[in-house]
Each structure stands twice: as structure tokens, then as C-alpha cells.
Amino acid sequence: MLGRYVLTTKHPLRIAIAGLGTVGSATLDMLEKNRDLICQRAGRNLQVVAVAARDKTKHLQKIKNGIQWFDNACDLAPLPTVDVVVVLIGGDDGIALKTTETALRNGKSVVTANKALMATHGVRLSEIAEETGAQLMFEAAVAGEIPVIKTLREASAGDRITSVQGILNGTCNYILTRIGEDGLTFEEALKEAQNKGFAEAEPSLDVDGHDTAHKLALLAALAFGIPPSFNDVSVEGIRNVSSLDIHFANELGYKIKLLGTARLTDRGLEKYVGPCLVPKHSVLANTNDVLNAVSIQIDTLDPITLTGRGAGGKPTASAVVADLMDLARGSSVLPFGIPAAMLKNVSPALCEEKLSSWYIRMRVFDKPGALTSVSTIFSQKSISIESVIQRGQPGLESVPVIIKTHEVSESAMRWALAKISKLETIQETPCAFRVEEPAHEDCPDSPNRMCQRAPEGMGKPFNLG
Ligand code: HSE
């Protein structure tokens, strides 16, 4: 019996792909290899009619008959033979922006994996899409194959979200895993991530935390109805995380992950990216290699945590193709779930006032009174020490000292670190990372059984005793 869909009566969705790098090539492959299945599930054929990339000679084998070639992506955006332009070019301006804008202004829908572009120009691009009736989809821009945009925009559309937190950069997670578990150096691990096609063309975007900040800006926009913005995100990357930190964090019962967090608190909206210690048995701690994880906290429910491959050609192509299939089915959603004009800022929470427990690593000359000077500085700001690890060895001039504090404000911690750095007994500037207490489902494994679930009044931690 024939279903409701009669495929042949619907004209195909005509696709132009701008950019044939790792993700563009994987998208072309997937559309080709899974053509029948995609057509069946979308109820319509998806047909690539044009592609644009810089070097035609590199892509000759992929270009089938009937696909038009363009050297300049901007030229395919206004084509009357195209319904949707897939923008898989990096950068937050230049060709990526021009192609996206031209396509939207011409009423063509756009599917993109470009998080920097969406985090920088998301509001304006949404306004153009709304004006022309085009769709602007960006599932592939955050967390690769994990359907987190759809979850926030559609599945959780009726919920009040209080926080979104996750491992959003596959390259950093890969590097931290390879240093911690396989003893690679930072440079070796980064090289591997580049060879596997996870890293950005400019790797400082990954390792210095900016890529995570772009993605966090998009998630926060969807979760809280605010305009995407990353300039107000406090950002620290993973360059200061050493194998020593991974080792000592493990001794304390934690793993180190680069987290992006957006959380509504009674002080306002916190947005920060940085290396954090997370309890060893938590979902985040066990999200390794190139995997990403995103935990969404809803005011009245337990958190949703989604994990999956966050970077690389195939996982990202899978998200691109899912967006294309939604377009083929005729689904229509606003890019950020509400009209661009209704996106309104929430007052930011000052990071300096944020209370956290901290992990600190310092190198101290092995002399009498060295630790006393450190603890004196801590006591001046009422910073209470929870644990200390010092591993001295006879003959060593200096030793690493690891301190975990109880909760303290960031401003007090920064003040103390600045003072400690100036002590004569300190060999190098100390490193400090936040300790993130677990989400609800991990509470039993937490060393101090603190939970960030907020049943009434958002963002208030309470102690399970
Ligand atoms: N460079 C990014 C990452 C690619 O490593 O997560 C996916 O956005």
C-alpha cells in the first residue's frame, strides 16, 4: 500500500554546498551513500545541484554530472535553481557571511555548521531570514552529531531552563584525554586532533576556549531567549593544564574537562568557559576523546544529558543532513526559537562574585615556612583549605603543592593568587581551576554531596547532607 508520501510528485530539494573541506566532503558523501534512506525518511529527494570550493582539481572525483561547479561560493547563493545553500566555510565574516546573507536575502534557506558566524551575526541573519521567509538552521554548529539545538529549541520548548553546561570542543577533549590516559604531550595530541580533522584551521580557536565560547553563546541564546553573544563570556583555554594536574586531580577524585557553562543564578546569568575539575564518576568525566556532552537543567525536572561525537566530518555531516531533511519535510522554525526582535539580554552575573571550590597547583621551594606563607595569604581572605598534596623528594629544590579549597569567591581567589605569585618561596605562577560539583544524577558519587539542582529559585545549590 502506498503511504501518504508519493515521492515522485514532490520536486527534489535542490541543494548547493559552499565549502568542500572535511564537513562539506562528508556531507556530499552521506547524501550520495544514504540517498534512498534519506529520500524515504524525508519524503522527497535531496539533490545536490551545485558546489563551490577553492580548488576544483582536489574535488574532481566527487563532482558528478549535473552538479554545477563554482570557484566562488557567493556566486551560488542567488541561483534560481537552488532551494537551500549549505554554508560549510569557516570564519565569522568574509565569504561565509556574504554567502549566507546573499542566500537568505534571495529567500534561500541556509544550513550551516559555522558557529563563529552564528554567534557573531546570528541576530541579524535571523532577522533577514524572518523577512524573506527563509529558514536558517545550525544544528551542526554545536556538538557535532548531538541534536542539542533541536532539543533546546523544540523538545524542551515548554520548559524553563536554568543551566546548560557541557564539553563542547572535541579537540580539547581529545587532547586532555590523550595527555591523561596515553601520556602524549600537548603538541602531540593537538597534531593528532588536526590529522583526524577535529581541529579548527586556526587551532587557538579550540585550545584557547573561543570555539567553546561561540557554541555556548548559541546554546545560551536558545536556552534563555537572549541574543547570542560571546564577548561577555569569561574564557580560559586548556594551555595551562599539565599532565601533573590531570594526575593530581585524579588523586583527589576528579578529572579535568574544558567546560562551557551558562547558568541562571539569583545574581544574574553566568557564562564561562574554562578547565574544571569534575567528579570522576560523573557523565562529564567519562566523556572522553572527541566526544562532547551537554547537560541541560530544567527547573522542575532532572537534567537531560546528551553525549556524542562533537567534531569530525561524519558526525557534523550527520547534523547537516538532518537539518536538510527537516527542510525537505517543510518544517519551519525560527533560528533561535523566538523572533529575533524578542531576544532580550538578561543581566549578567559578575564572575568575581561566583562561589566555587578551587584546585590550585603551585611549585614551592622546599624550605621551612613555605606553606605557612601561602596559608597566611589564604586566611587573609577567609579561604579555607579542604586538602593539600605535597610530594617532596630529597634533593629536589622545589616541589609541586596541590591545594583544594572550600567554596570561595573568584575575586578572593584571584587576589590570593596574585599575592602568592609574589612570594619568594614560589617558583612559578600558580595555576587555578574551578571544581564543578556534579549535576543531580551524579550526587551520590560526589565527594561532598553537593547538588546544583534548583527546585525553587534558580541556581541555588543545596546540600543533600
Ligand atoms: N574544532 C571543533 C571541535 C570542531 O574540536 O570541537 C567542531 O565544532
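Treat the numbers as computed from the prediction; the structure is a model and nothing was measured. (Residues numbered from 1 in each chain as written. Predicted model: local features only at pLDDT ≥ 70, side-chain atom pairs only at ≥ 80, totals over all residues. Heavy atoms only, no water.)

Chemist: Is there a simple way to explain the site of the ligand in this structure?
Modeler: In the vicinity of the ligand, 13 residues are found, and the nearest of them are K115, T171, F198, E200 and D206. Here a nitrogen atom of the ligand sits 2.7 Å away from a polar atom, N or O, in the side chain of E200. Between a nitrogen atom of the ligand and a side-chain N or O atom of D206, the distance comes to 2.8 Å. Calculation on the ligand without its partners gives an accessible area of 260 Å², and the protein chains cover 92% of this total. Structurally, the ligand is housed in the largest pocket. (Near = heavy atom within 4 Å. Polar contact = N/O pair within 3.5 Å; in protein donor to acceptor, adjacent residues only side chain to side chain. Areas by Shrake-Rupley, 256 points an atom, 1.4 Å probe, with all protein chains shown as cover. 1 Å grid on protein atoms, 1.4 Å probe; cavity = no way out; pocket = protein on both sides within 12 Å on 5 of 7 lines; lining within 4 Å. Sits in = over half its atoms within 2 Å of the grid points.)

Chemist: Hey, could you run me through empty space enclosed by the protein in this one?
Modeler: Vacant regions in the atomic arrangement are exposed by a probe of water-molecule size rolled over the atoms. If you walk through the whole model with that rule in mind, you get 2 cavities of 30 Å³ or more. Taken as a whole, the second largest cavity holds about 30 Å³ of empty space. What lines the second largest cavity is simply L31, R35, I38, C39 and L46. Of the residues assigned to the lining of the second largest cavity, the class counts are 4 nonpolar, no polar and 1 charged. (Points joined across faces, edges and corners; volume = space filled by probe spheres on them. Nonpolar A, V, L, I, M, F, W, Y, C, P; charged D, E, K, R; others polar.)

Chemist: Just to check I follow, could you spell out the packing of aromatic side chains for this structure?
Modeler: Each aromatic ring pair is described using two quantities: the centre-to-centre distance and the angle formed by the ring planes. Across all of its chains, the model carries 3 aromatic pairs by this definition. Ring plane angle 45° and centroid distance 5.3 Å describe the contact between F138 and F336, whose orientation is recorded as tilted. Of the two residues, F138 is situated in the loop between β6 (136–137) and α5 (148–155) and F336 in the loop between α11 (313–328) and β13 (355–365); the sequence distance between them amounts to 198 residues. Note on F138: relative accessible area 0%, which makes it buried. Taking the ring centre of W415 as reference, the NZ or CZ of K381 above it sits at 4.9 Å. Its guanidinium or amino end placed over the ring of Y272, R434 lies 4.4 Å from that ring's centre, counting from NZ or CZ. (Phe/Tyr/Trp six-rings, centres within 6.5 Å; stacked < 30°, edge-to-face > 60°. Helix = DSSP H or I, 4+ residues; strand = E, 2+ residues; numbered from the N terminus. Buried < 20%, exposed > 50% of the residue type's maximum accessible area, 1.4 Å probe, protein only. Lys NZ or Arg CZ within 6 Å of the ring centre and 35° of its normal.)

Chemist: Any chance you could explain unusual backbone geometry here in plain terms?
Modeler: Negative phi is the rule for most residues except glycine; trans is the rule for most peptide bonds. Positive phi outside glycine occurs at D289, with the angle close to 55°. Summarising the element assignment, D289 is placed in the loop between β10 (268–279) and β11 (291–298).

Chemist: Can you help me understand the side chain of E270 in this one?
Modeler: With respect to the element layout, E270 can be found in strand β10. Its relative accessible area of 5% is what places E270 among the buried residues. There is a polar contact of 2.6 Å between the side chain of E270 and the side chain of R267.

Chemist: Explanation requested: the packing of helix α6 (residues 170–182) against helix α7 (residues 186–195) in the structure shown.
Modeler: Each pair of packed helices gets described by two things: the angle between the helix axes and the distance between those axes. Two numbers describe how α6 lies on α7: the axes approach to 9 Å, and their chain directions differ by 135°. Between α6 and α7, the crossing angle belongs to the class labelled oblique. When you trace α6 past α7, the crossing you get is right-handed. Here α6 contributes T171, Y174, I175, R178 and I179 to the contact with α7, which in turn contributes F186, A189, L190, E192 and A193. (Axes fitted to C-alpha atoms, helices over the stretch in contact; angles between N-to-C directions. Parallel < 35°, antiparallel > 145°, perpendicular 65-115°, else oblique. Left-handed = near helix turned anticlockwise from the far one by under 90°. Contact = heavy atoms within 4.5 Å.)

Chemist: I would appreciate a short explanation of the layout of surface pockets in the present structure.
Modeler: Estimates place the volume of the largest pocket at around 1300 Å³. Every residue lining the largest pocket is counted, 49 residues in all, and those nearest its centre are G21, L88, I89, G90 and A201. Of all elements in the fold, only α1 (22–33), α4 (115–132), α6, α8 (204–207) and α9 (210–224) reach the threshold of two or more residues within the lining of the largest pocket. Here the residues of the lining of the largest pocket sort into 19 nonpolar, 19 polar and 11 charged.

Chemist: I'm lost on the sheet that holds strand β3 (residues 68–70) in this one. Help?
Modeler: The strands making up a sheet associate through backbone hydrogen bonding, with each pair oriented either parallel or antiparallel. Ordered by their spatial adjacency, 6 strands build an open sheet running β3-β2-β1-β4-β5-β6, and the pairing between neighbours is parallel. In this open sheet, the two edge strands, each paired with only one partner strand, are β3 and β6. Two elements, strand β1 (residues 13–18) and strand β2 (residues 46–52), share 6 bridges in a ladder whose sense is parallel. Bridging from a neighbouring strand, A16 pairs with A50 of β2. (Pairing = 2+ DSSP bridges.)

Chemist: Looking at this model, I keep getting lost on the domain arrangement of the protein. Mind explaining?
Modeler: A common way to state how big an interface is: give the accessible area lost once the parts meet. Segmentation of the protein into domains returns domain 1 (13–141), domain 2 (148–310) and domain 3 (354–435). For domain 2 versus domain 3, the separation of C-alpha centres amounts to 26 Å. Between domain 2 and domain 3, the contact holds 19 residues from the first and 14 residues from the second. Considering only the surface of domain 2 that becomes buried against domain 3, F248, L252 and L277 emerge as the three largest contributors, covering 35% of it. Here domain 2 and domain 3 share 3 salt bridges between them. Here domain 2 and domain 3 share 7 residue pairs in polar contact (both at pLDDT 80 or more) between them. (Domains from an automatic or database assignment. Buried area = accessible area lost by both parts, 1.4 Å probe. Salt bridge = Lys/Arg side-chain N within 4 Å of Asp/Glu carboxyl O.)

Chemist: Is there a simple way to think about the pairing of strand β15 (residues 398–405) in this case?
Modeler: A regular strand places its side chains on the two faces of the sheet in alternate fashion. Counting buried residues along β15, 8 of its 8 residues qualify, which places the element largely inside the surrounding structure. Residues S398, P400, I402 and K404 line one face of β15 and the alternating positions V399, V401, I403 and T405 line the opposite face, and both faces are buried. Bridging between β13 and β15 involves 7 bridges; their strand directions are antiparallel. By the bridge assignment, Y359 is partnered in β15 with K404.

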